[in-house]
Amino acid sequence: VVYEVRSTRPLKQIFWRGAAMQKMSIDILDLKGEVLSSGGPYGGGNTWAEFTVNFDPNKHFLLRFRNHVSNWYLISELELK
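About the criteria used
- Residues numbered from 1 in each chain as written.
- Predicted model: local features only at pLDDT ≥ 70, side-chain atom pairs only at ≥ 80, totals over all residues.
- Heavy atoms only, no water.
- Helix = DSSP H or I, 4+ residues; strand = E, 2+ residues; numbered from the N terminus.
- Buried < 20%, exposed > 50% of the residue type's maximum accessible area, 1.4 Å probe, protein only.
- Contact = heavy atoms within 4.5 Å.
- Areas by Shrake-Rupley, 256 points an atom, 1.4 Å probe, with all protein chains shown as cover.
- Phe/Tyr/Trp six-rings, centres within 6.5 Å; stacked < 30°, edge-to-face > 60°.
- Patch = residues over 30% accessible without salt bridge, like charges linked within 9 Å, V, L, I, M, F, W, Y side chains within 5 Å.
- Salt bridge = Lys/Arg side-chain N within 4 Å of Asp/Glu carboxyl O.
- Polar contact = N/O pair within 3.5 Å; in protein donor to acceptor, adjacent residues only side chain to side chain.

**Q** So, the overall build of the protein: which residues are in play, and what are the values?
**A** On a plain count of helices and strands, the protein comes out with zero helices and five strands. Ordered by position in the sequence, the α and β elements of the protein form the string β-β-β-β-β. Taking all 81 residues of the protein together, 33% fall into the buried category. Within the protein, counting contacts between residues at least 6 apart in sequence, those at least 24 apart form 76% of the total. When the accessible surface of the protein is split by element, carbon and sulfur atoms take 48% of a total near 5,000 Å².

Right under this line is the structure:
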């Protein structure tokens, strides 16, 4: 799943809390789809996990969430700073 983020101020950190059946990762992408920063894989096994990914300050970027085995994951909390 990919989400486009637009902000009035530069953002530099994402906090994620949720669960996934297998390893979960998140990528920060530029608008062309090139990876700027990446975190994971984290968690898995239907257990709750949380992690933080830091990246260079940016106002307009893409977030890509991936579960490396299936399409199932749950995001219960997401915070961009």
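**Q** I'd like a rundown of the packing of aromatic side chains, residues and numbers included.
**A** The final tally for this structure, using the stated rule, is three aromatic pairs. On the basis of an interplanar angle of 35 degrees and a centroid distance of 4.9 Å, the ring pair of W16 and F51 is categorised as tilted. With W16 in strand β1 (residues 2-20) and F51 in strand β4 (residues 47-67), this residue pair connects regions lying 35 residues apart in the sequence. According to the relative accessible area criterion, W16 is buried, its value standing at 1%.

**Q** Could you give me a rundown of the environment of L31, with the residues and numbers involved?
**A** Relative to the assigned elements, L31 resides in the loop between β2 (24-29) and β3 (35-42). Excluding residues that lie within four positions of it along the chain, L31 makes contacts with H60, F61 and L62.

**Q** Kindly report on a nonpolar patch on the surface, identifying the contributing residues and their values.
**A** A contiguous nonpolar surface patch, about 340 Å² in accessible area, is contributed by W48, W72 and L74. Note that W48 resides in strand β4. Exposure remark for W48: the relative accessible area of 56% places this residue in the exposed category.

**Q** Lay out the side chain of S37 in plain terms, naming residues and giving numbers.
**A** Checked against the element boundaries, S37 lands in strand β3. Under the relative-accessibility criterion, S37 is labelled buried at 14%. For S37, the side chain forms a polar contact with the main-chain oxygen of N54, separated by 3.0 Å. Apart from the residues lying within four places of it in its own chain, the contact partners of S37 are I26, D27, I28, V53, N54 and F55.

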